[in-house]
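This is what each chain is made of:
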Amino acid sequence: MADFMDIVKGRRSIRRFEDKAVPEDQLNTVLEAVQWSPSWANTQCWEIVVVRDPVVKEQLQAAVPATNPAFKSMVEAPVVLVLVAKLQSSGYYKGQVTTKFGDWFMFDLGIAAQSICLAAHKLGLGTVIAGLFEHEKAKAVLGVPAGYELVALIPMGYAAKDSAAPKRREIGEFTHYDRF
Ligand SMILES: Cc1cc2nc3c(=O)[nH]c(=O)nc-3n(C[C@H](O)[C@H](O)[C@H](O)COP(=O)(O)O)c2cc1C
């Protein structure tokens, strides 16, 4: 258990990267972590675009505001994993939404994102989940088809600079027993 908690607690958002490629087998392990993530009725609505082409990374960066702390990481990281979701799949049964929350793609991709970040950390790789950017612009860069949404960009590589852990709420502040 200590190992698992070390991974969970030791993972940090990494925003500066070394100019060093990610080995193919490590990338594959990270993708395997997505493959085995849970999803609504096992719909697996994720699609992952692995971006390594420096030109495409620059085009993606152009969709990110320069004020975003992850701005530099878009071109510095050797790989940017782009999380894309198929719409009207997760949370749907025979084309109809099944719960008040409608499409559950954000939930499923959130789990997949955490799988990526934890697996990468275990491999000695840093990641940062970026959600603040112009989604339509990024979609156009990658040619994401209709019926899909581009949810997050995850630059991944070897950390050039570690980040300090932002303070967490105490367990007692968010845990409720038997009633809210
Ligand atoms: C859905 C989501 C979107 C995020 N978007 C950004 C972002 O656009 N830019 C950025 O620098 N960090 C982003 N982050 C990283 C958070 O700022 C970070 O996880 C949080 O401050 C806690 O720090 P830690 O990851 O080092 O524990 C995002 C995280 C999540 C989960």
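What you are looking at is a predicted structure, and each value in this text was computed from that prediction instead of being measured.

Visitor: Explanation requested: the sheet that holds strand β2 (residues 79-86) in the structure shown.
Guide: Remark on secondary structure: sheet strands pair via backbone hydrogen bonds, oriented parallel or antiparallel. Taken in spatial order, the four strands line up as β1-β2-β6-β5 in an open sheet, and their pairing is antiparallel. The sheet is open, and its two edges are formed by β1 (46-51) and β5 (126-127), each paired on a single side. The sheet contact formed by β2 and strand β6 (residues 148-157) spans eight bridges and is antiparallel. The residue bridging Ala85 from the neighbouring strand is Glu149, located in β6.

Visitor: Please clarify how the environment of Leu109 should be interpreted in this entry.
Guide: Along the chain, Leu109 falls in helix α5 (residues 105-122). Distance from Leu109 to Gly126, taken between C-alpha atoms, is 19 Å for residues 17 residues apart in sequence. Beyond its immediate sequence surroundings of up to four residues, Leu109 is in contact with Cys45, Trp46, Leu83, Val84, Ala85 and Val151.

Visitor: Please clarify how the packing of helix α1 (residues 2-10) against α5 should be interpreted in this entry.
Guide: To characterise two packed helices, one gives the angle between the axes of the helices and the distance between these axes. Running from amino to carboxyl end, α1 crosses α5 at an angle of 110°, the nearest separation of the two axes being 9 Å. The angle between the axes of α1 and α5 places the two elements in the roughly perpendicular class. Classified by chirality, the crossing of α5 by α1 is right-handed. On α5, the residues touching Asp6, Ile7, Val8 and Gly10 of α1 are Leu118, His121 and Lys122. The residue makeup of the contact of α1 with α5, split by class, is three nonpolar, two polar and two charged.

Visitor: Looking at this structure, I do not really get the site of the ligand. What am I missing?
Guide: What surrounds the ligand is a group of 14 residues, the closest being Arg12, Ser13, Arg15, Asn68 and Arg168. Between an oxygen atom of the ligand and a side-chain N or O atom of Arg12, the distance comes to 2.8 Å. Contact between the ligand and Ala70: an oxygen atom at 3.4 Å from a main-chain N or O atom of the residue. Of the residues belonging to the shell around the ligand, the class tally is seven nonpolar, three polar and four charged.

Visitor: What's the story with the side chain of Ser90 in this structure? I'm lost.
Guide: As for its position among the elements, Ser90 is in the loop between β2 and β3 (92-93). We classify Ser90 as buried; its relative accessible area is 0%. Reaching out from Ser90, the side chain makes a polar contact with the side chain of Asp108 at a distance of 2.7 Å. If sequence neighbours within four positions are ignored, Ser90 has contacts with Trp40, Thr43, Cys45, Gly102, Asp103, Trp104, Phe105 and Asp108.

Visitor: Just to check I follow, could you spell out the confidence of the model for the protein chain for this structure?
Guide: Segments scoring low in pLDDT should not have their predicted coordinates read at a detailed level. On average, residues of the protein chain score 97 in pLDDT, and 100% of them are at 70 or above. The least confident element of the protein chain, judged by mean pLDDT, is α1 at 94; the most confident is β1 at 99.

Visitor: Before we go on, may I ask you to explain the pattern of salt bridges in this structure?
Guide: Opposite charge on two side chains lets them pair, provided their charged atoms get close. Summed over the entire model, instances satisfying the criterion amount to five salt bridges. The partner of Glu76 in a salt bridge is Arg16, and the shortest N-O contact between them spans 2.6 Å. Placement of the pair is Glu76 in helix α4 (residues 73-76) and Arg16 in the loop between α1 and α2 (24-35), with a sequence separation of 60 residues. With a shortest N-O distance of 3.8 Å, Lys137 and Glu134 are connected by a salt bridge. Sharing partners across several salt bridges, the network here consists of Glu136, Lys139 and Glu149.

Reading the values: rules and limits
Residues numbered from 1 in each chain as written. Predicted model: local features only at pLDDT ≥ 70, side-chain atom pairs only at ≥ 80, totals over all residues. Heavy atoms only, no water. Pairing = 2+ DSSP bridges. Helix = DSSP H or I, 4+ residues; strand = E, 2+ residues; numbered from the N terminus. Contact = heavy atoms within 4.5 Å. Axes fitted to C-alpha atoms, helices over the stretch in contact; angles between N-to-C directions. Parallel < 35°, antiparallel > 145°, perpendicular 65-115°, else oblique. Left-handed = near helix turned anticlockwise from the far one by under 90°. Nonpolar A, V, L, I, M, F, W, Y, C, P; charged D, E, K, R; others polar. Near = heavy atom within 4 Å. Polar contact = N/O pair within 3.5 Å; in protein donor to acceptor, adjacent residues only side chain to side chain. Buried < 20%, exposed > 50% of the residue type's maximum accessible area, 1.4 Å probe, protein only. pLDDT = per-residue confidence, 0-100. Salt bridge = Lys/Arg side-chain N within 4 Å of Asp/Glu carboxyl O.

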